[in-house]
Every structure is written in C-alpha cells, then in structure tokens.
Amino acid sequence: MQTFENNSVERFLFDNHGVRGEITKLKDPFTDLLHDSYPLVLKQVMMELAVSSVLVAATLKDGSEIMVQIRGGKECPLKYALVNIRQDLSFYGSASLYEDRELKDNGTLEDLCGKDSVLVLSVFPKDGPKWQGVVAINTKSISATLEDYFKESQQLPTSFFIRSDVKTKQASGIMLQIIPEIKGNLESLEHLSVLADTATADELFNLSLEENLVRLFAHEEVKVFGQQEVKFKCICSRERCENALMQLNPKELEDIISKEGETSMSCQHCGKTYHFNKEELTNLLHKITQ
C-alpha cells in the first residue's frame, strides 16, 4: 500500500456502528502555508483550518472544491483566514490582519477573531451552483465551531478532534460523522467520540494513521480505504503575475520602467516573490501597446 507519511488522509468505517470517519496528519504543507509574519495564534488557526478542510473535503466525491474561511468580527485583529482545497486534496490559503490592531503571540482564538466572527464553509461543485453555510465562531476551538456548523447547517452530527503544534509545524485530526440511515448512530457517535478524544498530539504525530486507529478503537471492527496524499499547491505563477502587470494602464507601466527599472510581486498565499527586470517589463509594455 502506498503511503504519504505526515501528509495524508484516510477514510475509515466501523462495521458495527453507523459512523464513518477520516483521519489525517500534515507537516510538509505548512512550510508554504505558514508565513513568518503570522503571530503564533494565527499560525495555529491556519494549521487547524487546513486539517479541518482536508477532513471535510475527503468526504466529497463529486468533484467539488471547498473553502473554509473565518471572517473576523468588529474591532478584532483578524480580517480573514482561509483555506481552499481541491478535489485532489491539494490546497492553498492565506490570512490577513489589521495593521492597527494589536495581537499578542500568546493570544487566544477569541483574541484573534472577536466574539462576533463567523466561519463560512463554501462548496464549489464541479457541476451546479455554489452553496455555503455560515456559523458563529465558537471561541472554545475550531473543532467546536465545526461541530456547531454540522449540527446547525447540515443537521448531521459530527465530531472533530484536532491537535496542532506550532513549534514543530505539524497537526493532525480525526472526524467522526453519523451515517444518517443507520439506527443507533447517535449513541455510536457518542461512544466512539469518547475513544477518539483520548488521542494525544504525540501519538497522532508519531504513529501511522492505521496505528492510531488500532490504538483508539482497539475493540472495534474498523475498515480502512487507503491513504490519499495531501499537499500545498499554490495558484500563483509567473504567468499570472505577467497578466496582472498587463492589466495596468500603459502609462503606469512606463512609469515603473522609467522610475524604478524593475518591480516585484509577492503571492499572499505562499509568499513566493516574482521579480521583473527592465527588459521584461519593456517586453510586457510592447505586448499591450501593439
């Protein structure tokens, strides 16, 4: 069986319960997702948004893409934080803070978002209209917020267990969700959630996905369906930057060439910077003035 250790997700089912699940652990994708300028609490939120996005996206099999976004409340430091994940489970994301609002490294989720922030989960089907659900941020945790979302917006009881470590830049999570048509599913979800909640960060980070499932659900019959790779894949490219520059008024581009002689553009998602020298800018100007 092919494995993608530290960067994977796996679906599982219980033979004797009306509950399905997903388990994931991520490390390498955070190299690009987490910017040095982010305070520690924002890094933790971005990691947990990424884990939760993977867990939810892994349940969709219709070609949909999803975006999980937090919109900050009034007077809070956070403008937004989002993760967008594709059907192949590659993702990108970014966050932005208000420059004039202080946020300490040891701040909490409530300090970051405020009490009137919301989580928005948007689904972009391959065929059909976009839809989204909105729920107030539960300042206890991202996990509690997602549980509120599935209870209120989907009427589909779901439990989330997310562990993250900002210093080592790794996170892991488990999602348990009822299968609606099976009797006794709520009791099963409660029972299995008690077991899942015993998972420690060290175990989730250092054991394989299957080893964690065996440890957590030792007396249950669990069926796994193979791992899927999860990776960070940004939407930025040099071509996209060139197209953006070509949307400028020719006079603006001429001014950049004459006054600066070069320019740079940085991606808000991965932080990569694209440099354009005088010759390259002049070639772009010729293209838009021909």
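The rules behind the values
Residues numbered from 1 in each chain as written. Predicted model: local features only at pLDDT ≥ 70, side-chain atom pairs only at ≥ 80, totals over all residues. Heavy atoms only, no water. Core = buried A, V, L, I, M, F, W, Y, C linked by side-chain atoms within 4.5 Å. Buried < 20%, exposed > 50% of the residue type's maximum accessible area, 1.4 Å probe, protein only. Helix = DSSP H or I, 4+ residues; strand = E, 2+ residues; numbered from the N terminus. Contact = heavy atoms within 4.5 Å. Salt bridge = Lys/Arg side-chain N within 4 Å of Asp/Glu carboxyl O. Axes fitted to C-alpha atoms, helices over the stretch in contact; angles between N-to-C directions. Parallel < 35°, antiparallel > 145°, perpendicular 65-115°, else oblique. Left-handed = near helix turned anticlockwise from the far one by under 90°. Nonpolar A, V, L, I, M, F, W, Y, C, P; charged D, E, K, R; others polar. Pairing = 2+ DSSP bridges.

**As for the nonpolar core**
For step 1, the next point in the chain: One finds M46, L49 and F91 to be the most contacted residues of the largest nonpolar core, which totals 54 residues.
For step 2, the next point in the chain: It is helix α2 (residues 40–57) that provides the largest number of residues to this core, a total of 12 residues.
For step 3, the next point in the chain: Apart from the residues lying within four places of it in its own chain, the contact partners of L49 are V68, I70, A81, L82, V83 and L119.
For step 4, the next point in the chain: Counting residues in hydrophobic clusters, the runner-up holds 18 residues, among them V19, F161, I178 and L209.

**So, the pattern of salt bridges**
For step 1, the next point in the chain: Inspection of every chain in the model, using the stated rule, returns 6 salt bridges.
For step 2, the next point in the chain: For the salt bridge of E22 with R11, the shortest nitrogen-to-oxygen distance reads 3.0 Å. With E22 in strand β2 (residues 19–26) and R11 in strand β1 (residues 7–14), this residue pair connects regions lying 11 residues apart in the sequence.
For step 3, the next point in the chain: For E22, a relative accessible area of 2% translates into the label buried.
For step 4, the next point in the chain: Here E280 ties to R238 by a salt bridge, and the two come within 3.1 Å at their closest N and O atoms.

**A closer look at the side chain of S64**
For step 1, the next point in the chain: Counting through the fold element by element, S64 comes out in the loop between α2 and β3 (65–71).
For step 2, the next point in the chain: With residues near it in sequence (within four places) discarded, S64 still touches R86, Q87, V123, F124, P125 and K126.

**Focus: the packing of helix α9 (residues 250–260) against helix α10 (residues 278–289)**
For step 1, the next point in the chain: At a closest axis distance of 10 Å, the pairing of α9 and α10 adopts a crossing angle of 160°. It follows from the interaxial angle that α9 and α10 lie roughly antiparallel. Crossing handedness for the pair α9 and α10: left-handed. Two secondary-structure elements touch here, α9 through P250, L253, E254, I256 and I257 and α10 through K278, L281, T282, L284, L285, I288 and T289.
For step 2, the next point in the chain: Residues that form the contact of α9 with α10 fall into these classes: 8 nonpolar, 2 polar and 2 charged.

**Quick look at the pairing of β3**
For step 1, the next point in the chain: Extensive coverage of β3 is indicated by the burial of 5 of its 7 residues.
For step 2, the next point in the chain: Relative to strand β4 (residues 78–85), β3 runs antiparallel, the two sharing 6 bridges. From the neighbouring strand, I70 faces β4, where its bridge partner is A81.
For step 3, the next point in the chain: The hairpin formed by β3 and β4 contains 6 residues between the paired strands, and E75 there has a positive phi angle of roughly 65°.

**What to know about the environment of F276**
For step 1, the next point in the chain: Along the polypeptide, F276 turns up in strand β13 (residues 273–276).
For step 2, the next point in the chain: Among the residues examined, F276 registers a relative accessible area of 2% and is labelled buried.
For step 3, the next point in the chain: When the C-alpha positions of F276 and Q227 are compared, they lie 41 Å apart, and in sequence the two are 49 residues distant.
For step 4, the next point in the chain: Dropping the residues within four chain positions of it, F276 is found in contact with R238, C241, E242, L245, E262, T263, M265 and L281.

**As for the packing of α2 against helix α4 (residues 142–152)**
For step 1, the next point in the chain: α4 packs onto α2 with a crossing angle of 35° between their chain directions and a minimal axis gap of 10 Å. α4 is crossed by α2, and the crossing has right-handed handedness. Where α2 abuts α4, its residues V45, E48, S52 and V56 lie against I142, L146 and F150.

**Some points on the pairing of strand β5 (residues 90–97)**
For step 1, the next point in the chain: Among the 8 residues that make up β5, 7 are buried, leaving the element largely enclosed by the rest of the structure.
For step 2, the next point in the chain: Relative to β5, β4 is paired through 7 bridges, and the arrangement is antiparallel. Considered in β5, the bridge of I85 is made with F91.
For step 3, the next point in the chain: What sits between the antiparallel neighbours β4 and β5 is a turn of 4 residues, in which L89 has the positive phi angle 70°.
For step 4, the next point in the chain: Bridge count between β5 and strand β11 (residues 231–232): 2 bridges; the pairing is parallel. Residue pairing across strands places F91 opposite F232, the latter belonging to β11.

**Brief notes about unusual backbone geometry**
For step 1, the next point in the chain: Although it is not a glycine, L89 adopts a positive phi angle of roughly 70°.
For step 2, the next point in the chain: Take L89: it is sitting in the loop between β4 and β5.
For step 3, the next point in the chain: Of the residues examined, L89 reaches a relative accessible area of 1% and is grouped as buried.
For step 4, the next point in the chain: A positive phi angle is found at Q155, which is not glycine, with a value near 50°.
For step 5, the next point in the chain: Relative to the assigned elements, Q155 resides in the loop between α4 and β8 (158–165).

**Considering the sheet that holds strand β6 (residues 118–124)**
For step 1, the next point in the chain: Pairing is mixed in the open sheet, where 6 strands are placed in the order β7-β6-β3-β4-β5-β11. Each having just a single partner strand, β7 (131–136) and β11 make up the two edges of the open sheet.
For step 2, the next point in the chain: Across the sheet, α2 lies against β3, β4, β5 and β6, angled at about 35° from β4, the strand it touches most.
For step 3, the next point in the chain: Of the strands in this sheet, β3, β6 and β7 touch α4, which is tilted by about 125° from β7.

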